[in-house]
Amino acid sequence: NAGVTQTPKFRVLKTGQSMTLLCAQDMNHEYMYWYRQDPGMGLRLIHYSVGEGTTAKGEVPDGYNVSRLKKQNFLLGLESAAPSQTSVYFCASSFRGLAATQYFGPGTRLTVL
Amino acid sequence: TQLLEQSPQFLSIQEGENLTVYCNSSSVFSSLQWYRQEPGEGPVLLVTVVTGGEVKKLKRLTFQFGDARKDSSLHITAAQPGDTGLYLCAGAEARDTDKLIFGTGTRLQVFP
């Protein structure tokens, strides 16, 4: 089992460029999440999905879009990157249910110039 | 708005010392988790507590959930360099258990 994988690991964008981050999990989890991590801020939820074909907004959704066309994949898109989106992005997945463990990917470090 | 505040934000100690990390909120949580994150990796779950007043021990780590389920603490006895990392608490609000609210994090450095 690979668990949760994220691609790419690193990316540098110029302001206004677009990109898609891919998250894949092989644990048959229903729930998937996208977070960003900034110094002193912990993890902040961007968007999440409670099942294939569903998405919902988290705490900081502006400037991002997501899609969950397949149960195992959760895509995070930046349509027009801004320097404020420079961050480390983590994907996570979990089984349905209260107090379920979230399993995290290794992260993607994104720099927007 | 950050619902979970952790303190201290940074902690540097010598091997063998004891320490306590606090996680506080004004919200009630149906469950609370503690994660540890090492540089360049994603967080990994240490423990989940679900009952007010619950205490769980994991070797030298002791976790406590407050009676009112608004706060939690992590106590490490005889810290070791291998305990170095970022510790994050995360709570599932009673009104929305589909997602976790993460704390601000405590960065711990244990020197040999």
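Structure's up top.
Residues numbered from 1 in each chain as written. Chains lettered and ligands numbered in written order. Predicted model: local features only at pLDDT ≥ 70, side-chain atom pairs only at ≥ 80, totals over all residues. Heavy atoms only, no water.

**Q** What am I meant to see in the state of the cysteines here?
**A** Two cysteines, two sulfur atoms, one covalent bond between them: this is a disulfide. For the structure on display, the rule yields 2 disulfides over all chains. Each disulfide pairs two cysteine sulfurs, and for A:Cys23 the partner residue is A:Cys91, the sulfurs being separated by 1.9 Å. Between A:Cys23 and A:Cys91 the disulfide shows an S-S torsion of about -75°. By sign, it is left-handed. With A:Cys23 in strand S3 (residues 19–25) and A:Cys91 in strand S9 (residues 87–94), this residue pair connects regions lying 68 residues apart in the sequence. There is a disulfide in this structure between B:Cys23 and B:Cys89, and the S-S distance comes to 2.1 Å. (Disulfide = S-S within 2.5 Å. Helix = DSSP H or I, 4+ residues; strand = E, 2+ residues; numbered from the N terminus.)

**Q** Would you explain the side chain of B:Thr48 in this entry?
**A** By the secondary structure assignment, B:Thr48 is in strand S5 (residues 44–49). At 3.3 Å, the side chain of B:Thr48 and the side chain of B:Gln33 are in polar contact. Not counting the four nearest positions on each side in its chain, B:Thr48 is found in contact with A:Ala99, B:Ser31, B:Leu32, B:Gln33, B:Glu54 and B:Lys56. (Polar contact = N/O pair within 3.5 Å; in protein donor to acceptor, adjacent residues only side chain to side chain. Contact = heavy atoms within 4.5 Å.)

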